[in-house]
Amino acid sequence: MQPNEIAEILNRPLSRELLARDLTRLAYVAKDGTPRNVPIAFVWNGTQIVMCTTKNAPKLASLRSNPMVALTIDTEVHPPQILLIRGRAELDYVDGIPEEYLTANTTYEMTAEQRVVWEAEVRSLYSDGMVRVVVTPTWAKLIDFENTLPTAVEELVRQREERQRA
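Described in the following lines is the structure provided in the data block. (Residues numbered from 1 in each chain as written. Predicted model: local features only at pLDDT ≥ 70, side-chain atom pairs only at ≥ 80, totals over all residues. Heavy atoms only, no water.)

## What to know about the sheet that holds strand β1 (residues 23-29)
Thought 1: With antiparallel pairing, 7 strands are arranged side by side in an open sheet as β2-β1-β5-β6-β7-β4-β3. Only two strands of the sheet have a single neighbouring strand rather than two, namely β2 (35-41) and β3 (43-44).
Thought 2: Most of the contacts of helix α3 (residues 58-65) go to strand β6 (residues 82-94), to which it runs at about 100 degrees, and overall it touches β1, β2, β4 (49-54), β5 (68-74), β6 and β7 (130-143). (Pairing = 2+ DSSP bridges. Helix = DSSP H or I, 4+ residues; strand = E, 2+ residues; numbered from the N terminus. Contact = heavy atoms within 4.5 Å. Axes fitted to C-alpha atoms, helices over the stretch in contact; angles between N-to-C directions.)

Okay, structure coming up:
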């Protein structure tokens, strides 16, 4: 998929809404060769998905071995709205707390006092630093079940139309 095609998909209004959500599902291959899929907070910075994790997270060894990932951002309504993204995860070890981690967690409902306590706990717990997992999309698909469908369903629709024309 060409970068301009990816940008066109990710710049659609619905994609931008989905990219403003709290969680994505990060899929990767674990060290034992089996698939993993974990929900994780993220920030879209306009060109990359940035997720943050602890320096001792098991997924880091897996991502070092095989950095190819898939992300799913979706809604809980009918029809579902789904943004699928594939890319390569780059690991960026940082001292302190990445700004993206604090930003990704701003949508949760907290009073100002709760936020202060939460941030102090985060800074205490992750004083050793964190890892930014940065994914630049190499493929994207938006599915809204009105204008776009999963590829297999698109194929069934095409086959049905061919049968009806025959």
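## A few points about the side chain of Asp144
Thought 1: Within the secondary structure layout, Asp144 lies in the loop between β7 and α6 (151-165).
Thought 2: The side chain of Asp144 is buried and forms no salt bridge, while Arg12, the nearest opposite charge, is found at 7.0 Å.
Thought 3: Looking at Asp144, its side chain comes within polar contact range of the main-chain nitrogen of Glu146, at 2.8 Å.
Thought 4: Among the polar contacts listed, one links the side chain of Asp144 to the backbone nitrogen of Thr148, at a separation of 2.9 Å.
Thought 5: Filtering out sequence-adjacent residues up to four positions away, Asp144 remains in contact with Leu14, Pro79 and Pro80. (Buried < 20%, exposed > 50% of the residue type's maximum accessible area, 1.4 Å probe, protein only. Lys, Arg positive; Asp, Glu negative; His and termini not counted. Salt bridge = Lys/Arg side-chain N within 4 Å of Asp/Glu carboxyl O. Polar contact = N/O pair within 3.5 Å; in protein donor to acceptor, adjacent residues only side chain to side chain.)

## What to know about the pairing of β6
A regular strand carries its side chains on alternate faces of the sheet.
Thought 1: As defined by bridge partners, β5 adjoins β6 across 7 bridges and the pair is classed as antiparallel. Residue Asp74 lies in a different strand from β6, and its bridge partner there is Ile82.
Thought 2: In terms of strand pairing, β6 meets β7 through 13 bridges, oriented antiparallel. The residue of β7 that forms the bridge with Ile85 is Ala140.

Interpretation note: all reported values are geometric properties and have no functional meaning in isolation.
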